[in-house]
Amino acid sequence: MKSMADNLQLNSEGKLKHFLTIEGLDKSLLTEILDLAESFVDMTDNQVKKVPLLRGKTIVNLFFENSTRTRTTFELAAKRLSADVLSMSISTSSTSKGESLLDTIRNLEAMFVDMFVVRHGISGAAHFIAQQTAAHISVINAGDGQHAHPTQAMLDMFTIRQIKKDFSNLRVAIIGDILHSRVARSQIQALNTLGAAEVRVIAPKTLLPAYVETLGVSVSHNLTEGLKDIDVIIMLRLQKERMSSALLPSESEYFKCFGLTEDKLKIARPDAIVMHPGPINRGVEIDSKVADGPQSVILKQVSNGIAVRMAVMSMAMQKRGVV
Amino acid sequence: MSRIDISQGRIIDPANDIDRIGSVYIADGKIISVSDAPAGFNADIVINAENQIVCPGFIDLSTRLREPGQSRKATFKSETLAAASAGVTTLCLQPDTSPVIDTPAVAELIKELAEKAQYPQIYPIAALTQRLEGNELSSMLSLKQAGCIAVGNASQPVRNLLILRRAMEYAASHDLLLMFRPNDYWLGNNGCAHEGALATRYGLPGIPEAAETIALSHCLELAELTGCRVHFGQISCRRSVIKIHQAKKYGLDVSADVAIHQLHLTENNMIPFDSAYHVLPPFRTEADQQYLREGLAGGTLNSICSDHQPHDLDAKLGAFPETEAGISSLETLLPLMLKLVAQHAITLEQGIAALSDNPAQILRLESGALTPGFAADVCVFDPNQEWQVNSENWKSRGVNTPFWGQTMKGRVTCTLQTGRVIYNQKSSLHL
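Residues numbered from 1 in each chain as written. Chains lettered and ligands numbered in written order. Predicted model: local features only at pLDDT ≥ 70, side-chain atom pairs only at ≥ 80, totals over all residues.

### Digging into the sheet that holds strand S2 (residues 84-89) of chain A
Residue and element names in this part refer to chain A. Worth spelling out the cut-off: When DSSP finds two or more bridges between two strands, those strands count as paired. What counts as a helix is a DSSP run of H or I of at least four residues, what counts as a strand is a run of E of at least two, and both are numbered from the N terminus. Inter-axis angles, ranging from 0 to 180 degrees, are taken between N-to-C directions of lines fitted to C-alpha atoms, where helices are fitted over the stretch in contact.
Taking strand neighbours across the sheet as the criterion, the four strands line up as S2-S1-S3-S4 in an open arrangement whose pairing is parallel. Two strands bound the open sheet, and with one partner strand each, they are S2 and strand S4 (138-144). Sheet twist, expressed as the average angle between the axes of neighbouring strands with direction ignored, equals 15°. Here six bridges tie strand S1 (residues 58-63) to S2, and the two strands are oriented parallel to one another. Residue Asn61 lies in a different strand from S2, and its bridge partner there is Ser87.

Here it is in structure tokens:
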């Protein structure tokens, strides 16, 4: 299978131009993102939270799908880099007037934009925009369909590294709706690239894509067995509509089988951490006591989101000697 | 009408078991001899076919010309010329035009358009159900009388099996062939790629083989129950080939075709998110492709179709799942068939039969062979001529092909339909 990342995401010097997917990026580049993010984390503790790295640059957040957290952290990240930011919720503006995705992009290009941060409900949308947009514009994928959500994956890697230091001995379990999850796909690629000892997915068959093992994971359909020896537990959000589409019988049965409770948590390694990309469905995939408990790093993930997005944005702009 | 001598080519006519150097003599639109010159035959036109292959004109069981209704994608004029230049002398038009071919009036309109275009013979396939919705039967007999050669529901599934049963019973009553693309609506789940490793990695909604094989199995059962003749179109996977093989062995009157690109591309060849590879049924695995090739060589799959679907640029500009499926494929039909021969998947005779005699038999046409008395539908091609798939050489309005920019080997030099030269590579006018 050909990799799309080779030519599109990197410039001729192998530097990041767009950030669309983890696929095709090597360990050293992912590590570079994490290292740079670390310098920004230290900075956000300062009284003055801004650096002038992207001063004079215009970044447009193009959100074709609703999101509060992701959009906010991208906005804050851009502002802390001193860029001008415009956030657009497209579902409520031009596309409802029949404008095509490409026309929307062309119009914004004409306004001298330097970067698009794109969230879209269809797999491949960010990739399409990166292919079509003017050469000087960078595209950051903030989630496309069921394909990829690379900044979320990188902030998760950042959080794991903060606590666990090294990936090579880590066993990571990703639990829940892998089938529909762009987050899971990006996490799996990032963990494998960074050299995690094992990535395990735990879910009923209805929530696993076909041939999931080809992604480089081991598979379990049983949470009690699956949690053994696990260092990092990543819970995924379960959408309510999965019941109506006959993927699951009920929320309560799902919670009984795959919900993370204090008892279940004890099966994992005693120092295991609990993560969740949010928003959380308390009592569906995770018990409140675990979500708010001492092993949870869910809010840490959110804070780290800003630093990681600052790192990715500044690296993508670096290609033209901006930084 | 002129008398034509196609001279000194290698004549390959699978139906008559001919493979030798010689001449084909044509008069009054008909083949009159493929051996000796008839007494007193004076040719008005001599076509020098030295070092070329002379074979029956190709019969394509599944094409879209986009008219009526979608002339921004393509027109009868552009696509029938593309067909003629590809050696195609007869083609079956899928009923998913706009309006759908579900009334005699639309069939008549298509006949008019075809006569104006003056290139290959065009046979509309009548819609099996009104508006292809799968709810009510179309007026199949009237459609047959208006020139439709078969019935089918194009890419639209008939979800209700009782309606499919009744439609098949009704078609059988009027001795109509059902052309059926097996695709279970629910299992297909609005997918856009083969449910496999690639779809999983790229988060694309997948279509499992079972969407095809289950619909196929249902239709095979109903073929036995109703006695309807069925031709399965655009088969894409291993288990379908096995099921069709078993059904034939069991004695059911069924046949099948495969789209040419399915014999050359798999999911592994796809460039991620490149809409040129968006096709339905989707490109599947290497194992599936191997079975399709073997099915063709062994006769389980009777014919090769182009499944030609020209698109405008906008239709292919977008995120992969949102783009329209289909490949503009008439003009690569012959070179890709020859590539199968070069790769020893099939013999040249099998390849030509799969494009001529076999589809003629499926449609029960007196065609697809160079038999004296048959209409002179002839294709002359140079198996060694190389050409590039580019805008200079391309005739279809649709440039949506994953083979764009590639070099093809094998090119049609002359096409005759009922004794008329409808394409001549050397003439810029294409007559």
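Read on, since the account is not over.
### Describing the interface of chain A and chain B
Stated formally: Think of it this way: build a C-beta for each residue from its backbone, and any pair within 7 Å is a contact.
Contact with chain A, which involves 23 residues of that partner, is made by 20 residues of chain B. Elements with a contribution of two residues or more to the side of chain A that touches chain B: helix H4 (101-109), helix H5 (125-132) and helix H7 (182-193) of chain A. The leading source of residues in the side of chain A that touches chain B is H5 of chain A, at three residues.

### What to know about the packing of helix H6 (residues 150-164) of chain A against H7 of chain A
Packed helix pairs are characterised by how far apart their axes lie and by the angle those axes make with each other. Residues and elements named next belong to chain A. Under the convention used in this document: Note on angle classes: values under 35 degrees are labelled roughly parallel, values over 145 roughly antiparallel, values of 65 to 115 roughly perpendicular, and the remainder oblique. Throughout, a crossing is termed right-handed when the near helix is turned clockwise from the far one, and left-handed when it is turned anticlockwise from it by less than a right angle.
Relative to each other, H6 and H7 sit at 50°, their axes nearing to 8 Å. Considering the angle they form, H6 stands oblique to H7. At the point where H6 passes H7, the crossing takes the right-handed sense. On the side of H6, the interface is formed by Pro150, Gln152, Ala153, Met154, Asp156 and Met157, while H7 contributes Val183, Ser186, Gln187 and Ala190.

### With respect to the pairing of strand S3 (residues 115-120) of chain A
Residues and elements named next belong to chain A. Counted only if it meets this: Three classes are used. A residue is buried when 20 or more other C-beta atoms lie within 10 Å of its own, exposed when 12 or fewer do, and partly exposed in between, with C-beta atoms placed from the backbone. Looking down the strands as they point away from you, a crossover is right-handed if its path from the first strand over the helix to the second goes clockwise.
Counting buried residues along S3, six of its six residues qualify, which places the element largely inside the surrounding structure. Of the two faces of S3, the one lined by Met115, Val117 and Arg119 and the one lined by Phe116, Val118 and His120 are each fully buried. As defined by bridge partners, S1 adjoins S3 across five bridges and the pair is classed as parallel. Paired with Ile59 across the two strands is Met115, which belongs to S3. Sheet topology places S3 next to S4; five bridges connect them, and they run parallel. Paired with Val117 across the two strands is Ile140, which belongs to S4. In this view, the connection linking S3 to its parallel neighbour S4 by way of H5 has right-handed handedness.

### So, the sheet that holds strand S6 (residues 58-63) of chain B
Hydrogen bonding along the main chain pairs the strands of a sheet, whether they run parallel or antiparallel. Residues and elements named next belong to chain B. Sheet architecture is open: eight strands sit in the order S6-S7-S8-S9-S10-S13-S14-S15, paired in parallel fashion. Each edge of the open sheet is held by one strand with a lone partner, namely S6 and strand S15 (303-305). In this sheet, adjacent strand axes meet at a mean angle of 30° when their direction is disregarded. As defined by bridge partners, strand S9 (residues 150-152) adjoins strand S10 (residues 178-180) across two bridges and the pair is classed as parallel. Across the sheet, Gly152 pairs through a bridge with Met179, a residue of S10. Taken strand by strand, helix H2 (residues 104-117) contacts strand S7 (88-93) and strand S8 (121-127), and its axis lies near 165° from that of S8.

### Description of helix H1 (residues 76-85) of chain B
All names here are of chain B. By the criterion of burial, H1 is predominantly enclosed, with nine of the 10 residues buried. Taken as a whole, H1 has its buried residues at Phe76, Ser78, Glu79, Thr80, Leu81, Ala82, Ala83, Ala84 and Ser85. Looking at the buried positions of H1, the neighbouring elements they touch are S7, H2, strand S17 (407-417) and strand S18 (420-424). Gly87 sits one or two positions beyond H1 and adopts a positive phi of about 85°.

### Regarding unusual backbone geometry
Here the bond from Gly278 of chain A into Pro279 of chain A is cis, since omega is -10°, no more than 30 degrees from zero. Summarising the element assignment, Pro279 of chain A is placed in the loop between strand S9 (273-275) and helix H12 (288-291). In this structure, the amide linkage connecting Ser98 of chain B to the following residue, Pro99 of chain B, adopts the cis form with an omega of 0°. The residue Ser82 of chain A is not glycine, and still its phi comes out positive at about 70°. Its location among the elements puts Ser82 of chain A in the loop between helix H3 (69-80) and S2.

### Considerations on the environment of Leu155 of chain A
All names here are of chain A. Here Leu155 is to be found in helix H6. Classification of Leu155 as buried rests on a count of 29 C-beta atoms within 10 Å. Separated by 33 residues in sequence, Leu155 and Ile188 place their C-alpha atoms 13 Å apart. Once residues lying within four places of it in the same chain are set aside, the contact partners of Leu155 are Gln301, Asn304, Gly305 and Val308.

### A word on the pairing of strand S8 (residues 232-235) of chain A
Residues and elements named next belong to chain A. Burial of S8 is two-sided: the residues Val232 and Ile234 facing one way and the residues Ile233 and Met235 facing the other way are all buried. Alignment of strand S5 (residues 171-175) against S8, held across four bridges, turns out to be parallel. Its bridge partner lying in S8, Val172 is registered against Val232. Both S8 and S9 contribute to a ladder of three bridges, which runs parallel. Across the sheet, the residue bridging to Ile233 is Val274, located in S9.

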